[in-house]
Protein chains: 2
Amino acid sequence: MHNKPYILIMAGGIGSRFWPYSRRKRPMQFLDILGTGRTLLQMTFDRFEDIAEPEQFVVITYRKYLPLVREQLPELKPHQILTEPMRKNTATCLAYATYKINSIDPEATIIVTPADHLVLQEKKFTRTLKKAVESAQEGKLITLGVKPNRPETGYGYIQYIEKPGTNAFRVKTFTDKPNTKLAKTFLESGDFVWNSGMFVWKSKSLIHAFEKYMPDMAEVFEEGEDIYGTAGEAEFVASAYTQVKSVSFDYGVMEKSSHVYVVLGDFGWSDLGSWHSLHRLKEKDENNNVVEANAILYDTENSYIKVEGEKLVVIEGLENYLVNETDNVLLICKLDSEKKFREFVSNAKKKGEDFI
Amino acid sequence: MHNKPYILIMAGGIGSRFWPYSRRKRPMQFLDILGTGRTLLQMTFDRFEDIAEPEQFVVITYRKYLPLVREQLPELKPHQILTEPMRKNTATCLAYATYKINSIDPEATIIVTPADHLVLQEKKFTRTLKKAVESAQEGKLITLGVKPNRPETGYGYIQYIEKPGTNAFRVKTFTDKPNTKLAKTFLESGDFVWNSGMFVWKSKSLIHAFEKYMPDMAEVFEEGEDIYGTAGEAEFVASAYTQVKSVSFDYGVMEKSSHVYVVLGDFGWSDLGSWHSLHRLKEKDENNNVVEANAILYDTENSYIKVEGEKLVVIEGLENYLVNETDNVLLICKLDSEKKFREFVSNAKKKGEDFI
């Protein structure tokens, strides 16, 4: 059992990046965004089937999404799904899951993955993971870095120090969402990779890091050592979540620790960060439009048209636009307006909770 | 009775100008396009109430719209609504109605009006009509001309020969839908007016014109003289409509007759020819948008947003666009794309009759 890593899937996000298609009640990880017949959560599960048995998976999600996780991953037993009583950012989420797994198996190696990313080349991915697991078992905190192919401004970048003969390179800097100029510099320099948000470590190693860099967090979750897995867990966790601060894991641990290493991979990764990035991945018509609708287009280019049902959609003269109608919301905006989605959703909420 | 004119309302059009809001099943004349609580047909009826008793009205429509006319104008008795068995253009429509009215009242004066135009200044309109009726009773074929205020390319233009001391000026030329350059020349010259599509004449005068310029048409409808108003009328008309050619009244009579005169008026007329022209008339927000929707707009200007119901519409970055969702169709196009509507509707029809 100690040789097979645990797969920790973080599936609690409420992201508004694919609004109005994704909703508070059904965020993107629970949607079949790629039209494959499997949701992103299910595709994430499938991706690790080669290297982990079903009982090695742990999914952590927001309590309201428990029914969705159960429905979409019937392979999991109840104790494999952890629920967060409230949202307290990624450091809290990882602390809870790590302390819990560590209480079951103090020699656990854990692969952490978001539930809403895409990996197109699964064999390459598996090979990268194996290297990462080996390095993690030496006590390192491993983050998976992806070779960038464009100056993407929506991603985080990791600068690393190359050292021949090793699989894991020491991380020098983290930079989240650089501007275009900086992203171009990163791309040209050759010693930057995208931060995939996927990690590998021993539970012990991460607990040491929490103790060192977030001692308040460590203290709270350490106290649950004898409670995890008992009838008192939910009550303990509810209390723990009220005591800790909302801090991102990147800020609280990764950017501070000197034990952070990157293992490089090139496995067709995308964080599916926006309609724009989804447009890049999808099949397009001769005018570079993604059309998921009963639509007739005139003079329309490089757009993403997604309207559910049999409704007829007639569009003339749009270039670089998104048109998405889902349920009770119609959104028409520039395809690259991802930075405005927070505002869209926040203002939509004022019109009614039903719209978000 | 001879002093009060008949009001002939032509309400058979299927126009696609306001598609998808207007549909084959309910063309624009049957819609409350201005949001006044009255449909365009009803507003047309109301406009003549001062100068005609309810029994002076005759509505001619396509047979499928008979229930709509009955519902919207309960003031009319069955014999006041003429139905066309098929569409055979405006000359046929006017021939049938004129011969029918003439069979009842050979001294009839008839005011002809489309059911889908707008008149904002009704008092001025009534004054213009009175002059037109006087001239018509002298035997002239009168068309109402409207002083143009912009080089509109969607209208027909009438060039007239001014003659001081008279109300009705002899028509020199008709020009339908000139290009912008020509429309500007017309506007500057000062001797062109818009062809409102409203006419006044004695039934006798028009019958003479049919006999002279469209003798085939005259012959067919003359034969019904003893049948109009009897149980045989529908059968006779059905047969008549199969015998005549589909010709526009402008082409078949107006452009050929030397008895055509124009009476000028300035009464806030619009033919509501397009979403663009409706946009011009409607109340707008601070960015010149007409918003008839539960909408939130960002960086959006000079657009027309009409989406029924409580659906939330979020729009970013549109300028000069129409967004209309009605029933099972969503249309997004340039606001001034009126020339493409025929194509839109014709292609929509291929997707299903339900969409048009």
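Higher on the page you've got the structure.
Residues numbered from 1 in each chain as written. Chains lettered and ligands numbered in written order. Predicted model: local features only at pLDDT ≥ 70, side-chain atom pairs only at ≥ 80, totals over all residues. Heavy atoms only, no water.

## Notes on the overall build of chain A
Counting its secondary structure elements, chain A contains eleven helices and 17 strands. Taking 2.2 N^0.38 as the reference for a compact globule, 356 residues should give roughly 21 Å; the C-alpha atoms of chain A span a radius of gyration of 21 Å, in line with that estimate. Here the C-alpha coordinates of chain A stretch approximately 60 × 50 × 35 Å along the principal axes. When the 356 residues of chain A are sorted by exposure, 56% land in the buried category. Looking at chain A alone, contacts between residues at least 24 apart form 66% of all its contacts between residues at least 6 apart. Accessible surface for chain A amounts to roughly 15700 Å². Of this, 48% is attributable to carbon and sulfur atoms. One finds the centroid of the 46 positive side-chain charges in chain A at a distance of 3 Å from the centroid of its 50 negative side-chain charges. (Helix = DSSP H or I, 4+ residues; strand = E, 2+ residues; numbered from the N terminus. Rg over C-alpha atoms; globule rule 2.2 N^0.38 Å. Buried < 20%, exposed > 50% of the residue type's maximum accessible area, 1.4 Å probe, protein only. Contact = heavy atoms within 4.5 Å. Areas by Shrake-Rupley, 256 points an atom, 1.4 Å probe, with all protein chains shown as cover. Lys, Arg positive; Asp, Glu negative; His and termini not counted. Charge placed at Lys NZ, Arg CZ, Asp CG, Glu CD.)

## Here we look at the relation of the copies chain B and chain A
Relating one copy of the chain to the other takes a rotation about an axis and a shift parallel to that axis. Taken as rigid bodies, chain B and chain A are interconverted by a rotation of 179 degrees and an axial shift of 0.0 Å, the fit giving an RMSD of 0.1 Å. In short, the pair behaves as if placed about a two-fold rotation axis. Most of the interface of chain B is mirrored in chain A, where 100% of its interface residues are also at the interface. (Least-squares fit on C-alpha atoms with pLDDT ≥ 70 in both.)

## Observations concerning the pattern of salt bridges
Across all of its chains, the model carries 34 salt bridges over all chains by this definition. Of the charged contacts in the structure, one is a salt bridge between Glu152(B) and Arg280(B), with a shortest N-O distance of 3.8 Å. A residue pair is termed long-range when its members are at least 10 positions apart, and Glu152(B) in the loop between β6 (141-146) and β7 (156-161) and Arg280(B) in helix α10 (residues 275-281) qualify at 128 residues. Exposure remark for Glu152(B): the relative accessible area of 14% places this residue in the buried category. Accessibility expressed as a relative area gives 39% for Arg280(B), which makes it partly exposed. Several salt bridges share partner residues, and in doing so they unite Lys311(A), Glu325(A), Lys311(B) and Glu325(B) into one network. (Salt bridge = Lys/Arg side-chain N within 4 Å of Asp/Glu carboxyl O.)

## Some words on the sheet that holds strand β17 (residues 329-334) of chain A
What the six strands build is an open sheet, ordered β12(A)-β14(A)-β16(A)-β17(A)-β15(B)-β13(B); its pairing is mixed. In this open sheet, the two strands that pair with only one neighbour each are β12 (290-292) of chain A together with β13 (294-298) of chain B. In this sheet, neighbouring strand axes are inclined to one another by 5 degrees on average, regardless of whether the strands run parallel or antiparallel. Pairing of β17(A) with strand β15 (residues 312-316) of chain B involves four bridges; the strand directions are parallel. (Pairing = 2+ DSSP bridges. Axes fitted to C-alpha atoms, helices over the stretch in contact; angles between N-to-C directions.)

## A few points about a negative patch on the surface
Taken together, the side chains of Glu211(A), Asp216(A), Glu219(A), Glu222(A), Glu223(A), Glu225(A) and Asp226(A) make up a negatively charged region of the molecular surface. Looking at the negative patch element by element, the count peaks at three residues for helix α7 (residues 215-222) of chain A. (Patch = residues over 30% accessible without salt bridge, like charges linked within 9 Å, V, L, I, M, F, W, Y side chains within 5 Å.)

## Notes on the sheet that holds strand β16 (residues 321-326) of chain B
What holds strands together in a sheet is hydrogen bonding between their backbones, with the strands either parallel or antiparallel. With mixed pairing, the six strands of this open sheet are ordered in space as β13(A)-β15(A)-β17(B)-β16(B)-β14(B)-β12(B). Both edges of this open sheet fall to β13 (294-298) of chain A together with β12 (290-292) of chain B, since each of them pairs with a single strand only. With strand direction ignored, the average angle separating the axes of adjacent strands in the sheet is 5 degrees. Examined bridge by bridge, β13(A) and strand β15 (residues 312-316) of chain A share five bridges and lie parallel to one another. From the neighbouring strand, Leu297(A) faces β15(A), where its bridge partner is Ile315(A).

## Brief notes about the interface of chain B and chain A
On the chain A side, the residues contacting the 35 residues of chain B number 35 residues. Of the roughly 2800 Å² buried between chain B and chain A, counting both surfaces, carbon and sulfur atoms make up 59%. Run the count over chain B and chain A and you get six salt bridges. One salt bridge in this structure joins Lys340(A) and Asp299(B), with 3.8 Å as the shortest N-O distance. (Buried area = accessible area lost by both parts, 1.4 Å probe.)

## Points about a positive patch on the surface
A contiguous patch of positive charge, built from Arg24(A), Arg63(A), Lys64(A) and Arg87(A), is present on the exposed surface. One can find Arg87(A) in the loop between β3 (81-84) and α3 (89-104).

## Quick look at helix α6 (residues 203-213) of chain A
Those residues of α6(A) that fall on the buried side of the exposure criterion are Ser203(A), Ser205(A), Leu206(A), Ile207(A), Ala209(A) and Phe210(A). The inward-facing, buried residues of α6(A) abut α3, β4 (109-114), β6 (141-146), β9 (192-202), α7 and α9 (249-254) of chain A.

## Here's the deal with the packing of aromatic side chains
Residues and elements named next belong to chain A. Taken as a whole and judged by the stated rule, the model has 52 aromatic pairs over all chains. Look at Phe 48 and Phe 125: their rings are 5.5 Å apart centre to centre, the planes differ by 75 degrees, and that puts the pair in the edge-to-face class. Remark: Phe 125 occurs in helix α4 (residues 122-137) and Phe 48 occurs in the loop between α1 (40-47) and β2 (57-62); sequence separation between them is 77 residues. Residue Phe 48 is classed as buried on the basis of its relative accessible area of 0%. Among the residues examined, Phe 125 registers a relative accessible area of 0% and is labelled buried. An aromatic cluster of three or more residues is present, and its members are Tyr 96, Tyr 99, Phe 221, Tyr 228, Phe 236 and Tyr 241. Here the guanidinium or amino end of Lys 306 rests over the ring plane of Tyr 21, the centre of that ring lying 4.4 Å away. (Phe/Tyr/Trp six-rings, centres within 6.5 Å; stacked < 30°, edge-to-face > 60°. Lys NZ or Arg CZ within 6 Å of the ring centre and 35° of its normal.)

## As for the pairing of β15(A)
Residues in a regular strand project their side chains so that they alternate between the two faces of the sheet. Counting buried positions along β15(A) yields five of five residues, so the element is predominantly enclosed. Burial of β15(A) is two-sided: the residues Leu312(A), Val314(A) and Glu316(A) facing one way and the residues Val313(A) and Ile315(A) facing the other way are all buried.

## A closer look at the pairing of strand β1 (residues 6-10) of chain B
Residues and elements named next belong to chain B. Summarising burial for β1: five of the five residues are buried, a large majority. As paired strands, β1 and strand β4 (residues 109-114) are joined by five bridges and run parallel to one another. Bridging from a neighbouring strand, Met 10 pairs with Pro 114 of β4. Taken together, the four bridges between β1 and strand β2 (residues 57-62) define a ladder with parallel strand orientation. Residue Met 10 lies in a different strand from β2, and its bridge partner there is Ile 60. Crossover connection from β1 via helix α1 (residues 40-47) to parallel β2: handedness right-handed. (Right-handed = clockwise from strand over helix to strand, strands pointing away.)

## As for the environment of Phe344(B)
Mapped onto the secondary structure, Phe344(B) falls in helix α11 (residues 341-351). It is 28 Å that separates the C-alpha atoms of Phe344(B) and Ile9(B), two residues lying 335 residues apart in sequence. Ignoring any residue separated from it by four or fewer positions in sequence, one finds Phe344(B) in contact with Tyr298(A), Val314(A), Glu316(A), Trp19(B), Leu331(B) and Cys333(B).

## Regarding the environment of Lys131(B)
Residue and element names in this part refer to chain B. Topologically, Lys 131 is positioned in helix α4 (residues 122-137). Residue Lys 131 is classed as partly exposed on the basis of its relative accessible area of 33%. Residues Lys 131 and Gly 232 lie 101 residues apart in sequence; the distance between their C-alpha atoms is 38 Å. Residues contacting Lys 131, with those up to four places away along its chain left out, are Asn 167, Val 263 and Leu 264.

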